[in-house]
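Now for the letters of each chain:
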Amino acid sequence: MKYRYALLALLFLCCKPNPQSQEPTETEIQTAVDNLLREMSLSEKIGQMSQYSQPTIASGPERNPQKSDMYHDMIREGKIGSFLWTWTSEITRELQEIAVNESRLGIPLLFAVDIIHGYKTIFPIPLGEAASWDLDAIEQSARIAAIEATAAGIHWTFAPMVDIARDSRWGRIAEGAGEDPYLGSEIARARVKGFQGNSLYEKNTMLACAKHMAAYGAAEGGRDYNTTDMSDRVLREIYLPPFKAAIDAGVATIMSAFNELNGIPATGNRYLLTEILRQEWGFDGLVVSDWTSINEMVIHGAAADDAEAAELAMLAGVDMDMMGDLYQSHLHHLVQSGRISETQIDQSVRHILTLKHKLGLFKDPFRYCDAEREQHVVFHPDHLLAARDIAAKSIVLLKNRTRTLPLEPRMAKIAVIGPLADNHKELNGTWAATGEADRSVTLLEGITSAVSKETEVLYEKGCDILSDDRSGIDRAVQLAQQADAIVLNVGESADMSGEAKSRADLDLPGVQLDLVKALAATQKPLVVVLTNGRALAIPEVDELADAILETWFLGTQTGHAISDVLFGKVNPSGKLPVTFPRHVGQIPLYYNHKNTGRPDLGNGDYTSKYLDIDNEPLYPFGFGLSYTTFEYADLKLDKQTLPMKDTLNITVKIRNSGNRKGRETVQLYIRDVAARAIGRPVKELKRFAQIDLAPGEEKIVGFSLNAKDFSFYRHDNRFAPEPGLIKIMVGGNSKNVLETTCTLLSGV
Ligand code: BGC
C-alpha cells in the first residue's frame, strides 16, 4: 500500500502541472509513463491491454462471463485496464476505487461505452444526422453526448463509426454517415471534435474512436460481418478517407474491424493497422480490437488457435483486446517464448497509459464520475432544445404533391395512424442503450401539442411493424375518413437496423404497404412519415402518398421535431446521405459510380442495364425538397485552364424562388473526364455549403478547388491529379446540376 502511494506521488512529481494550465505536457506524460512502465510486471502490462464488459451487458457473443466479484479480484491483481459497457457515476466510482486503492500500482481504469448518438438525451441516428449536412449541429450533438456521458464516469466512446456503406441491406449503415467519402470525412471530423473538444483534459470531453478499420461497410451481400475484397484504389479513395479525416482531427483511438479484407482479417491486418495507420498517417493513439474479433481469426481460418490469433493481432498492431481474454491468456507465454517482444508490449501499454494521463485520470481518477454533475446535465433543457433542432434538420422531404405540406395546425380533425406513431420503444433507434425510451416524445404526442386546442387528434395503430395481421386496417380507414388529413407513420423497428441487422428486402416490413394503400384510397391528403435506419426501396409509397418525410430515428425529441416540420415551424432542409433505390436488386447503387463502356443512355441494346427495372434510383444522393424552391444560375469559373498549382474559384447564383424562407445545401461535384488509363467516377462530391435565403433573395456561393481535390490514385499509384478535362457541376442534389468544364494543365 505504502509503496503504491510513494509511486503515485513520484508520478505526480514527474507530472508537475505546467504553469499555463493544469494539463501535463507531452514530455511530462511520457516521463511519467516511462517511469510507470519500469515499475510494472509483465502481467500488469498485459492487464492494461485487456478490456472486459460488465457481466450483464453484451454487444456480442459472451465469452468467459465473469461474476462482478471475480472482476473485482482481477482489478486488484492489475489484470484489467479498461471496462466497456460500464456507466453511471456510482458504478464507475466503485470500480475505480478498487483499482486505485486496492491494486499494487493503483493505475486508474478506463471506462468505455458506445455513446453513438447521445447518452440520455438521444439525438438522431448518425445516418439521420448526416442528412442534415450541418457540421456545426453534428459537432454540437457529439459535444452534448460527451457532456452527459462523462458526468456518468464514461471516458471513452466507441464512436464515430466512419464506415462508408453503399449497401443499405447492411444494418450498420444506420450508424455511419452514408455512402460518400467526402461527406463522411467532414462528418467524421465534426464528430471527433464534438466528443474530444479542445482538450481531453477537460472533464467533459472524452476519447473518440474511429471504427471499424477498415472496409467493414463493404460486407458482401450487405450481410453483417461478411467478407470484403477490393482494390487498393477503392480502399484508399472510398473507405479510408473518413479514417484519415478523423486522425487529422486528432481522434485518440481506432477500432479494428470484424471483416476479412482482401484475404486477411482486419484485426490481424498489419498493412491496415501499422503500415497505413501508424507509418503512413503517423497515428500515435490506441488501437482496440472489436468485440472478440481477435478470437474470431481462428473461425475465419486465419489462425490455428487462440494463441496464434493473439500473436497475429499483436503483430498487426492491436493494443487492447476487447472481451476476447486472449491477451490475458496468451501474451505472457508469447513473450516468454520470444514470439512477441516485451518492447512491443511496452509500446501498446504506452498508448494506453498516455491516454489515461491525457484524460487526467492519474491526477484525479474520480474526476469524471460526478453524481451531482450527472444529475444536473442529463436531459438538460438546452440539450433537449439542441436535440429538437438537429432532429428537425435531419428530416428529408422526399415528396410534396401540390403543397400538401405544411399542414394547417388549426384543421378540425387530423388522423394520426401507424405502428410507429405512438411507440416510445422504437424512437431512439439502434445503439441507444443508455437512453430512456419513455422520455422520447412520440409523433402522436408531438402532433397533439402542436395543433390548435380546437383540433381533434384521432389515433389508430392500423397494423404492427412486422406481423401479417390486417385486422386493424379497416378501423384505421374509418378513422381516416373523418379527418381533414392523415399522417401515417410507417417503417422499421429500432432493432431492424444496427449491428447484425441486415435485411435482404428493403421494402416496408409486414403489411404496412397494405395500410398505405388502404389509406390512399380514402382520397384524403396522405402524409407518410418514414421511420427507418437505412435507405428503403418504396416506389409504391412514392406513388400513393401526397407527401413523404424521411425521419430516420430521431431520438428523444422525435415527435416535436417531426411536428415542427409537418406544421411549417421548420422548413425542411435535409438531403439524403445515401441513394434510395427503386428495387433491392439495384444494390449496390451509389451516385459516384463508374460510367462503364456501355452506359445506359436509353438508346438500345447491349448497354449496362437491367431488363426489368430502370437504372435510376428512386431518390438520388443529396436529394431533399423544401417548402420553397431554389433556382440555380450563372455557374462560373475564374479560369478555363488551370495550372496544377493554382486554385480554381467557382461561383454560382442561387435564388429562393418560392414564398418561404428556406435553407439550401449547395453541392459541388466534379468528374475527371479522361484520367489516363484510369476510369473516374461520373460524379464526386468535393464541397458543399449551406445558405439561408428569404423569399426572392439570391446569393452567390463561392467554392475553391485545388490540385488535391483533383487527385486520385493514378495508374502509377501516386496520389496526384492528371492533366485534362474536368467537369464542374453544382446543384441541390447529385442528379440535377448545372455543368461547365475546365482543363487542368500538366506540370506547371
Ligand atoms: C461492435 C462495435 C462496438 C462493440 C462494443 C461490437 O459488437 O461491432 O462497434 O463498439 O461491440 O459494444
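Residues numbered from 1 in each chain as written. Predicted model: local features only at pLDDT ≥ 70, side-chain atom pairs only at ≥ 80, totals over all residues. Heavy atoms only, no water.

This brings us to the sheet that holds strand β25 (residues 724-731). Adjacent strands of a sheet form backbone hydrogen bonds with each other and so pair up, either parallel or antiparallel. Spatially, 5 strands are ordered β18-β26-β25-β20-β21 in an open sheet, and the strand pairing comes out mixed. Looking at strand neighbours, the two that pair on one side only are β18 (641-643) and β21 (684-693), the edges of this open sheet. Looking at each pair of strands side by side, their axes are set apart by 25° on average, direction ignored. Here strand β20 (residues 662-672) runs beside β25; their pairing, made up of 6 bridges, is antiparallel. Looking across to β25, one finds that Ile 670 is bridged to Ile 728. (Pairing = 2+ DSSP bridges. Helix = DSSP H or I, 4+ residues; strand = E, 2+ residues; numbered from the N terminus. Axes fitted to C-alpha atoms, helices over the stretch in contact; angles between N-to-C directions.)

Note that Asn 269 resides in the loop between β8 (264-265) and α11 (270-280). Apart from residues lying up to four places away in sequence, Asn 269 is in contact with Leu 261, Ile 264 and Ala 316. Polar side-chain contacts of Asn 269 include one of 3.3 Å to the backbone nitrogen of Tyr 271. (Contact = heavy atoms within 4.5 Å. Polar contact = N/O pair within 3.5 Å; in protein donor to acceptor, adjacent residues only side chain to side chain.)

Further remarks concern helix α7 (residues 135-151). Here α7 contains 17 residues, and its C-alpha end-to-end distance of 25 Å stays within 8% of the 24 Å for a straight helix at 1.5 Å per residue. In terms of burial, α7 is a largely internal element, 13 of the 17 residues being buried. Taking the backbone nitrogen of Asp 136 as reference, a side-chain oxygen 3.2 Å away marks Asp 134 as the first, capping residue of α7. Just beyond α7, the residue with positive phi is Gly 153, at close to 90°. (Expected span 1.5 Å × (residues − 1). Buried < 20%, exposed > 50% of the residue type's maximum accessible area, 1.4 Å probe, protein only.)

Moving on, we get to the domain arrangement of the chain. On domain assignment, one finds that the chain holds domain 1 (42-361), domain 2 (393-586) and domain 3 (630-744). A straight line from the C-alpha centre of domain 2 to that of domain 3 covers 35 Å. With 7 residues of domain 2 in contact, the opposing surface of domain 3 contributes 9 residues. Across the interface of domain 2 and domain 3, roughly 590 Å² is buried in total on both sides, 39% from carbon and sulfur atoms. When residues of domain 2 are sorted by the area they lose upon contact with domain 3, Asn 571, Ser 573 and Lys 575 head the list and together hold 68% of the total. (Domains from an automatic or database assignment. Buried area = accessible area lost by both parts, 1.4 Å probe.)

Note on backbone geometry: most residues besides glycine have negative phi, and most peptide bonds are trans. Each neighbour pair has its own omega, and for Lys 211 with His 212 the value is 0°, a cis peptide bond. If you trace the backbone, His 212 turns up in strand β5 (residues 209-213). Going from Met 213 to Ala 214, the amide bond is cis rather than trans, its omega being 0°. Topologically, Ala 214 is positioned in the loop between β5 and α9 (232-239).

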